[in-house]
Amino acid sequence: MPKLRIPWKSIRWSNTIFLLSTLIVALTAVPAYLWHEGLPRIQIIMFFVLFIATGMSITLGYHRLFSHRAFQASWPVRFLTLVFGAAAFENSALAWAADHRRHHKFVDNEEDPYDATKGLFHSHIGWILFKSQEDSSLDLVRDLQKDRLVAWQNDYYLPISITVGFALPAIIGGIWGGWSGALGGFLIPGVARLVLVQHFTFCINSLCHSIGRQPYSSACTARDSAIMAFVTFGEGYHNFHHTFQHDYRNGLKPWQFDPTKWTIWILHKLGLACSLRRVPQERVLLAEIKEQQRCLAKELQTYPNRLSEPIRSRLHAAQLRIHEAFGQWELREAEYCRVLERKIEASREKLIELRQELRNSRDRFRIAIHDWRESYRLALDHFAAHAAA
Ligand SMILES: [Zn+2]
Ligand SMILES: [Zn+2]
């Protein structure tokens, strides 16, 4: 049996003591409190309010707003996500974004702080408990350092996190139910909520890189999973996210569970957020098709005789048509955007003409996609028939 060797010298003691002690308290003192005192309604309400506030501050604030600049937000949104994000005890937004931008830049490589290829334990919590590399350079977050609220949260991170994460629920619990209520506030919406939020959000780095499908790209380990989306406030559509990291959506399809996206959209409607970034649907479709083409090419390498020559040439022709149609659409879109940004002077008639051309090129691209899908389905049927024979 292999011996478990603990690299004592690389332990980050403050992180390890904090994460272990909160976990132990959540597993021992919390059930003991519930056994003796029951579960008052105020504790349930505080637990859910703080759970959602701190969890969403990480996904909406730390992640999509600060790390990816997927939208812009007014100061109350930035302030609240910074204050409640601190109560998730996952570091300041500045340090969190530095790690996260490095994760996207060097995904699955040595430089990636939570490199998923090093195993589930490392990507989930091991990278926090053990020092395996230098801390992320702040060079990647120079833009965020200019944000005065982000800089303030970075300077006072610990007092903010302790006040909002532990003291606030204890004080409210105390007002409601005396010393027993204060203890309950510290234990249930404080410690138990914290452990749950941390492990749910840690799953984005671990399970979201190992469970699910890769419809947009298999270039890295990130995956899309509806189950993971339920426990990560919508971040489970991680394959889409790694393919289009600046999009404010993770769950692209209307039926996909992405409460972070819905909240950003509501904030936008309320005038509290603007400049929501979305990748055009055409680029998403092209990414999906490219991934299907890559899988097919891989299959054909293993089983070169499973497709007849006519189907191969039909696929090849459909592929060429897609790339040509996409190239045309891309040109038209760039021209139309330049006119809209007033980098090119154009009359009203010219604008209408450009819009129509863009629409036509989009239609041609959609037809080419439809052709490709037909050919692809035919190829899959042939593969299945050959495999069954
Ligand atoms: Zn990731
Ligand atoms: Zn990200």
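The structure presented is a predicted model; accordingly, all values stated were derived computationally and were not measured.

J.: Whenever I open this one, the overall build of the protein confuses me. Can you help?
T.: Across its full length, the protein carries 15 helices and two strands. Taking as baseline every contact in the protein between residues at least 6 positions apart, the subset at least 24 positions apart corresponds to 72%. As displayed, the protein has an accessible area near 20,700 Å², and 62% of this comes from carbon and sulfur atoms. Between the averaged position of the 46 positive side-chain charges in the protein and that of its 36 negative side-chain charges there is a distance of 2 Å.

J.: Mind showing me how you'd approach the packing of aromatic side chains here?
T.: Two aromatic rings, taken as a pair, are described by how far apart their centres are and by the angle between their planes. The full count for this structure, using the stated rule, is 19 aromatic pairs. Ring plane angle 80 degrees and centroid distance 6.0 Å describe the contact between Phe51 and Phe200, whose orientation is recorded as edge-to-face. Taken together, the positions of Phe51 in helix H3 (residues 41-67) and Phe200 in helix H9 (residues 157-205) put the pair 149 residues apart, joining distant regions of the chain. Overall, Phe200 belongs to the partly exposed group, its relative accessible area being 25%. Here the aromatic cluster, defined as three or more aromatic residues joined through ring pairs, consists of Phe47, Phe48, Phe51, Phe200 and Phe233.

J.: I would appreciate a short explanation of the domain arrangement of the protein in the present structure.
T.: Accessible area lost upon the coming together of the parts serves often as the stated size of an interface. The domain boundaries assigned to the protein delineate domain 1 (8-274) and domain 2 (281-388). Averaged C-alpha coordinates put domain 1 and domain 2 at centres separated by 37 Å. Facing the ten residues of domain 1 at the interface are seven residues of domain 2. For the domain 1 face of the interface with domain 2, the top three residues by lost area are Tyr216, Ser218 and Phe244, together amounting to 58%. Between domain 1 and domain 2 we count one salt bridge in total. For Lys253, the salt bridge is made with Glu288, and the minimal N-O distance between the two is 4.0 Å. Counting the contacts that link domain 1 with domain 2 gives two residue pairs in polar contact (both at pLDDT 80 or more).

J.: Explanation requested: a nonpolar patch on the surface in the structure shown.
T.: On the surface, Leu4, Ile6, Trp8, Trp13 and Ile17 cluster together into a nonpolar patch covering about 620 Å² of accessible area. Tracing the sequence through the fold places Leu4 in the segment before helix H1 (13-27). We classify Leu4 as exposed; its relative accessible area is 79%.

J.: How should the coordination of the zinc ion (ligand 2) be read in this particular structure?
T.: When four donors bind a metal tetrahedrally, each ideal donor-metal-donor angle is 109.5 degrees, and when six bind octahedrally, the ideal angles are 90 or 180 degrees. Within the protein, His63 (NE2), His68 (NE2), His100 (NE2), His104 (NE2) and His241 (NE2) serve as the donor atoms for the zinc ion (ligand 2), at 2.0 to 2.2 Å. In this structure the zinc ion (ligand 1) is found 5.9 Å away from the zinc ion (ligand 2). One end of the pair, His63, is in helix H3; the other, His241, is in helix H11 (residues 238-243), with 178 residues separating them in the sequence. The two residues His63 and His241 agree in class, both being buried.

J.: Before we go on, may I ask you to explain the coordination of the zinc ion (ligand 1) in this structure?
T.: Protein-derived coordination of the zinc ion (ligand 1) comes from His103 (NE2), His209 (NE2), His238 (NE2) and His242 (NE2), at a distance range of 2.1 to 2.2 Å. Of note is the zinc ion (ligand 1), whose four donor atoms meet at the metal with angles of 94 to 162 degrees in an arrangement that counts as irregular. Each donor residue of the zinc ion (ligand 1) lies on the same chain, and together they follow the pattern H-x105-H-x28-H-x3-H.

J.: How should I be thinking about the nonpolar core in this particular structure?
T.: Note on soluble globular proteins: their nonpolar side chains tend to be buried together. By size, the foremost hydrophobic cluster in this structure holds 47 residues, and its most contacted members are Phe66, Phe71 and Leu144. In terms of residues, this core owes the most to one element, H9, which gives eleven residues. Formed by 24 residues, the second largest nonpolar core is a distinct cluster that contains Leu296, Leu300, Phe326 and Leu358.

J.: Would you explain the packing of helix H13 (residues 281-302) against helix H14 (residues 309-340) in this entry?
T.: Two quantities define a packed helix pair, namely the angle between the helix axes and the distance between the axes. Viewed as axis vectors pointing N to C, H13 and H14 meet at an angle of 155 degrees, and their least axial separation amounts to 12 Å. Overall, the two elements H13 and H14 adopt an arrangement that is roughly antiparallel. Classified by chirality, the crossing of H14 by H13 is left-handed. Here Glu282, Arg283, Leu286, Ile289, Lys290, Gln293, Leu296 and Leu300 of H13 come into contact with H14, specifically with Arg312, Leu315, Gln319, Ile322, His323, Phe326, Trp329, Glu330 and Glu333. Of the residues contributing to the contact of H13 with H14, the split by class is eight nonpolar, three polar and six charged.

J.: Looking at this model, I keep getting lost on the side chain of Asp112. Mind explaining?
T.: Within the secondary structure, Asp112 is located in the loop between helix H5 (93-105) and helix H6 (120-129). Arg102 provides the closest opposite charge to the buried, salt-bridge-free Asp112, at an N-O distance of 7.1 Å. In this structure Asp112 touches Arg102, His103, Phe106, Val107 and Gln133, once residues within four positions along its chain are discounted.

J.: Help me understand unusual backbone geometry in this model?
T.: Positive phi, normally seen in glycine, also occurs at Asn91, with a value near 85 degrees. Topologically, Asn91 is positioned in the loop between helix H4 (75-86) and H5. Take Asn91: its relative accessible area is 37%, and that puts it in the partly exposed class. For Asp108, which is not glycine, the phi torsion reads 65 degrees and is therefore positive. Within the secondary structure, Asp108 sits in the loop between H5 and H6.

What counts and how
- Residues numbered from 1 in each chain as written.
- Chains lettered and ligands numbered in written order.
- Predicted model: local features only at pLDDT ≥ 70, side-chain atom pairs only at ≥ 80, totals over all residues.
- Heavy atoms only, no water.
- Helix = DSSP H or I, 4+ residues; strand = E, 2+ residues; numbered from the N terminus.
- Contact = heavy atoms within 4.5 Å.
- Areas by Shrake-Rupley, 256 points an atom, 1.4 Å probe, with all protein chains shown as cover.
- Lys, Arg positive; Asp, Glu negative; His and termini not counted.
- Charge placed at Lys NZ, Arg CZ, Asp CG, Glu CD.
- Phe/Tyr/Trp six-rings, centres within 6.5 Å; stacked < 30°, edge-to-face > 60°.
- Buried < 20%, exposed > 50% of the residue type's maximum accessible area, 1.4 Å probe, protein only.
- Domains from an automatic or database assignment.
- Buried area = accessible area lost by both parts, 1.4 Å probe.
- Salt bridge = Lys/Arg side-chain N within 4 Å of Asp/Glu carboxyl O.
- Polar contact = N/O pair within 3.5 Å; in protein donor to acceptor, adjacent residues only side chain to side chain.
- Patch = residues over 30% accessible without salt bridge, like charges linked within 9 Å, V, L, I, M, F, W, Y side chains within 5 Å.
- Donors = N, O, S within 2.8 Å, 3.2 Å for Na, K, Ca; no water.
- Tetrahedral: all angles 85-135°; square planar, octahedral: opposite > 155°, others 65-115°.
- Core = buried A, V, L, I, M, F, W, Y, C linked by side-chain atoms within 4.5 Å.
- Axes fitted to C-alpha atoms, helices over the stretch in contact; angles between N-to-C directions.
- Parallel < 35°, antiparallel > 145°, perpendicular 65-115°, else oblique.
- Left-handed = near helix turned anticlockwise from the far one by under 90°.
- Nonpolar A, V, L, I, M, F, W, Y, C, P; charged D, E, K, R; others polar.

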